[in-house]
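Report on the structure
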Amino acid sequence: MRSDQLPSQVLRVAAAQACPVAGDVEANAAVVADMVREAAESGARVVVFPEKFLTGYEPGLIAAEPGRCAVQREDGRLEPVREACRDAGVVGVVGAAVYEAGELYVSALVVDDQGRLAGRYDKQTLFAGERDVYRQGAAGCTVEVDGWRLGIGVCYDSGFPEHARAAALDGCHAYVVGALFGVGNGYHESRMWFPARAFDNTMYTVLANHVGVTGGWHTCGGSGVWGPDGRLVAEAGPEKREIVAADLDPEVLREAREARPVLRDLHDTGSAPRLRYRG
């Protein structure tokens, strides 16, 4: 565990929300590139995009035509995203369905500020309708930007406390998630999960959600950032294409972890009580 190692400078992170075109990787990559540049103008160093944004959510379409509708290794259609990240000096965390070795994955692609594919996280907790189409991811993913360790999640992952806790125990200072939350219960779920993951682990949480309709889901926007005390820092609206940005502050992080040293006390057997389920 590395919870005592804190970054030394502020990191501005943006969550981008928009409505993707079903199965059109080129069109969606162009939107990502535009929004990366837009976020960079406000000083963002990291931009997070919704779940499967490059492909649209669209499980049926993607399963029927994976070669066209999913992203593949060394996919030339992603060049506008690479170019935008390189030119703007921004790290992009971009959702996509990925097709590899005959298998489909729900993934978050990390494009670094040199335009390189620097990491990939495959969703570990698949939602009910995804299990017949996609393969479960096998490992977590931590990305470091300017001394900040960012743990990556995708949508339903964030509903499981263990997933964010694993990132925190890997030394992460923030938990960044591209998701699809729908109208109805989705906004309520996200407003329970993201403050809870932040408060329980004394780390920032970042949500990028869709707007509009994708894969038959009417989505609810509300992309946002929560501080390490669980309080909302910034929030987008429910319907329109929008970028919401916030500064992740190492001093705020330090104060939160000093006030609630839960990560330290979890394994400090000299001071923490023994945890029991029964008896």
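Before reading on, note that the structure itself is shown above.
Let us look at the structure shown here. (Residues numbered from 1 in each chain as written. Predicted model: local features only at pLDDT ≥ 70, side-chain atom pairs only at ≥ 80, totals over all residues. Heavy atoms only, no water.)

**Observations concerning the sheet that holds strand 13 (residues 232-235)**
As a reminder, the rule being used: A pair of strands is treated as paired once DSSP finds two or more bridges between them. The helix and strand labels rest on DSSP assignments: H or I over at least four residues marks a helix, E over at least two residues marks a strand, and numbering proceeds from the N terminus. For every element, the axis is a line fit to its C-alpha atoms; helices are fit only across the contacting stretch, and the angle between N-to-C directions ranges from 0 to 180 degrees.
The strand order 6-7-8-9-12-13 describes an open sheet built from six strands, whose pairing is mixed. Of all the strands in the sheet, just strand 6 (142-145) and strand 13 have a single pairing partner and so form its edges. Shown here is a sheet whose adjacent strand axes are inclined to one another by a mean of 20°, direction ignored. Taken together, the four bridges between strand 6 and strand 7 (residues 148-154) define a ladder with antiparallel strand orientation. Its bridge partner lying in strand 7, Val145 is registered against Trp148.

**As for the nonpolar core**
Just so we agree on the cut-off: Note on terminology: a nonpolar core comprises buried Ala, Val, Leu, Ile, Met, Phe, Trp, Tyr and Cys residues joined through side-chain atoms within 4.5 Å. Relative accessibility under 20% of the residue-type maximum defines a buried residue, over 50% an exposed one, and the middle range a partly exposed one, all with a 1.4 Å probe and only protein chains included. Contacts are assigned to residue pairs that have any heavy atoms within 4.5 Å of one another.
Within the largest apolar cluster, 54 residues are counted, with the highest numbers of intra-cluster contacts made by Leu11, Val46, Val48, Ile152 and Leu248. Once residues lying within four places of it in the same chain are set aside, the contact partners of Leu248 are Gln9, Val10, Leu11, Val13, Trp148, Ala174, Tyr204 and Val225. The next biggest cluster of nonpolar side chains, apart from the first, holds 27 residues, and it includes Ala33, Leu78, Val90 and Val111.

**Some thoughts on helix 7 (residues 250-259)**
To be explicit about the condition: As used here, the arc is the angular range of directions from the helix axis to the C-beta atoms. For this analysis, a polar contact is any N or O atom pair within 3.5 Å, provided that within protein one partner can donate a hydrogen and the other can accept it, and provided that sequence-adjacent residues contribute only side-chain to side-chain pairs.
Where helix 7 is concerned, the buried positions are Pro250, Leu253, Ala256 and Arg257. Seen from one end, helix 7 has its buried residues packed into an arc of 125°, which puts them on one side. Away from its buried face, by an angle of more than 90 degrees, helix 7 presents the exposed residues Glu258 and Ala259. The elements touched by buried residues of helix 7 are strand 7, helix 6 (186-201), strand 14 (242-248) and helix 8 (262-266). Its side-chain oxygen at 2.8 Å from the backbone nitrogen of Glu251, Asp249 defines the N-terminal cap of helix 7.

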